[in-house]
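Inside the fold
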Protein chains: 2
Amino acid sequence: MENLDRLTDAIARRLFVELEASGRHVHVTEAQAQQLFGHGLTPKRPLSQPGQYLAEERVTVTGPKGSLERVAVLGPVRKEAQVEVSRTDAVALGVQPPVRLSGDVGGTPPVTLTGPNGELRLERGLMVARRHIHMTPEDAALQHVQDGDTVRLKTMTSRPVIFEDVAVRVSPDFRTYAHLDYDEANGCGYEPGDLGMILR
Amino acid sequence: MENLDRLTDAIARRLFVELEASGRHVHVTEAQAQQLFGHGLTPKRPLSQPGQYLAEERVTVTGPKGSLERVAVLGPVRKEAQVEVSRTDAVALGVQPPVRLSGDVGGTPPVTLTGPNGELRLERGLMVARRHIHMTPEDAALQHVQDGDTVRLKTMTSRPVIFEDVAVRVSPDFRTYAHLDYDEANGCGYEPGDLGMILR
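In this text, all values refer to a predicted model and were calculated from it rather than measured experimentally.

For chain A, the count of helices and strands is 5 helices and 15 strands. Compactness check: chain A gives a C-alpha radius of gyration of 18 Å against a globular reference of 16 Å for 200 residues, within 12% of the reference. Dimensions of chain A along its principal axes, counting C-alpha atoms only, are 55 × 30 × 30 Å. For chain A, the residues scored as buried account for 50% of the 200 residues in total. In chain A, the proportion of contacts linking residues at least 24 apart, taken out of those at least 6 apart, comes to 68%. Carbon and sulfur atoms make up 52% of the accessible area of chain A, which totals about 9400 Å². Charged side chains of chain A number 23 positive and 27 negative; the gap between the two group centres comes to 3 Å.

Here it is in structure tokens:
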């Protein structure tokens with residue numbers, strides 16, 4: 001029975017990837033956390049990726065046309081700030097940020113963050129997150145993909161979609177999840193627990 | 001040269017369908033327009049489908065959790081009211097309406113409309129519009145599809161997607177356009193003028 005469970009699990013992990021919707025969120029440096037909140041980040045609950053957490057702290061994100069209130073801040077702190085929004089959010093802010101993988105902030109537009117302790121203008125860092133799949137090396141081997149690959153991802157959701165041009169990132173520090181933003185998640189009718197399938 | 005233009009056009013119409021993003025909107029009856037606005041609908045500008053227009057009038061749409069202000073009203077008036085929103089909008093309203101083709105209002109949730117002249121509770125009519133392609137009989141013949149078919153639609157957009165389960169509606173009263181809602185349009189990086197391709 002234990003062998004059967006292991007086999008079932010291996011088959012499932014060879015065929016499917018669990019989907020997750022990523023809401024708008026902000027990453028900040030330690031110095032920026034001090035400036036915005038008067039202290040460092042306070043972990044509230046862990047996220048699916050090991051070591052990552054939702055912080056108790058929230059910020060207002062302001063663009064030329066409007067603001068988004070109570071935006072989630074994710075920890076731990078990073079070396080450079082980054083603000084990840086959906087295109088729907090970007091329209092509300094009045095900006096057209098590029099679609100980028102996390103960390104690729106070169107040439108992204110400026111944006112302003114406001115916390116209870118102060119305001120902070122980021123010279124760059126606003127982006128729409130590019131859809132991507134985090135994978136463990138084991139799951140990547142099972143699915144025959146490598147770090148840096150681009151794949152098609154079929155969603156097994158109520159409004160099924162095949163997302164093209166999905167980035168694959170492989171690391172032993174990851175847990176295997178496909179990350180969509182809320183436009184993509186709503187567009188495909190995503191509900192928590194829904195699965196996707198990598199197509200070749 | 002004129003023959004060449006005609007040939008080019010026929011090839012393009014055999015291969016592609018122009019995409020269009022449909023924002024949230026409301027359809028009302030003549031009696032409901034009177035109740036909400038104190039008069040009938042006033043055409044502001046024509047829409048892509050012949051005879052359809054954006055009205056000068058706007059309404060507030062209210063659900064159990066929130067409201068959407070200044071929502072577009074489309075004319076001409078219909079036999080029954082209908083409110084088409086995205087899933088993002090539905091979350092703001094605090095409702096989970098089903099994904100439906102326009103006109104298929106049976107079993108959809110209630111919603112409240114407010115105009116300058118009065119308020120109106122609809123016992124049903126709130127839906128997320130199901131993605132669909134309007135086609136002329138000529139274009140449907142060129143693309144080998146029929147009214148009622150379900151196809152896959154590949155978007156030639158900045159975040160390419162293949163939408164599965166796209167409804168095809170054919171009528172001599174239509175102009176050929178694929179209609180996405182704003183979640184879908186933003187999720188695929190749609191810009192006005194972008195094309196899609198029906199896959200088989």
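All names here are of chain B. Volume-wise, the second largest pocket comes out at about 1000 Å³. Lining the second largest pocket are 42 residues, with S22, H25, L47, L74 and H179 positioned closest to its centre. Top element by residues in the lining of the second largest pocket is strand β5 (residues 67-75). It accounts for 5 residues. A per-class count over the lining of the second largest pocket returns 13 nonpolar, 13 polar and 16 charged.

The next thing to look at is the environment of A:H179. Residue and element names in this part refer to chain A. Mapped onto the secondary structure, H179 falls in strand β14 (residues 177-181). A sequence separation of 156 residues divides H179 from G23, and the C-alpha atoms of the two residues are 9.9 Å apart. Ignoring any residue separated from it by four or fewer positions in sequence, one finds H179 in contact with E20, S22, S48, Q49, R131, H132 and H134. One polar contact links H179 to E20, side chain to side chain, over a distance of 2.7 Å.

About the cut-offs
Residues numbered from 1 in each chain as written. Chains lettered and ligands numbered in written order. Predicted model: local features only at pLDDT ≥ 70, side-chain atom pairs only at ≥ 80, totals over all residues. Heavy atoms only, no water. Helix = DSSP H or I, 4+ residues; strand = E, 2+ residues; numbered from the N terminus. Rg over C-alpha atoms; globule rule 2.2 N^0.38 Å. Buried < 20%, exposed > 50% of the residue type's maximum accessible area, 1.4 Å probe, protein only. Contact = heavy atoms within 4.5 Å. Areas by Shrake-Rupley, 256 points an atom, 1.4 Å probe, with all protein chains shown as cover. Lys, Arg positive; Asp, Glu negative; His and termini not counted. Charge placed at Lys NZ, Arg CZ, Asp CG, Glu CD. 1 Å grid on protein atoms, 1.4 Å probe; cavity = no way out; pocket = protein on both sides within 12 Å on 5 of 7 lines; lining within 4 Å. Points joined across faces, edges and corners; volume = space filled by probe spheres on them. Nonpolar A, V, L, I, M, F, W, Y, C, P; charged D, E, K, R; others polar. Polar contact = N/O pair within 3.5 Å; in protein donor to acceptor, adjacent residues only side chain to side chain.

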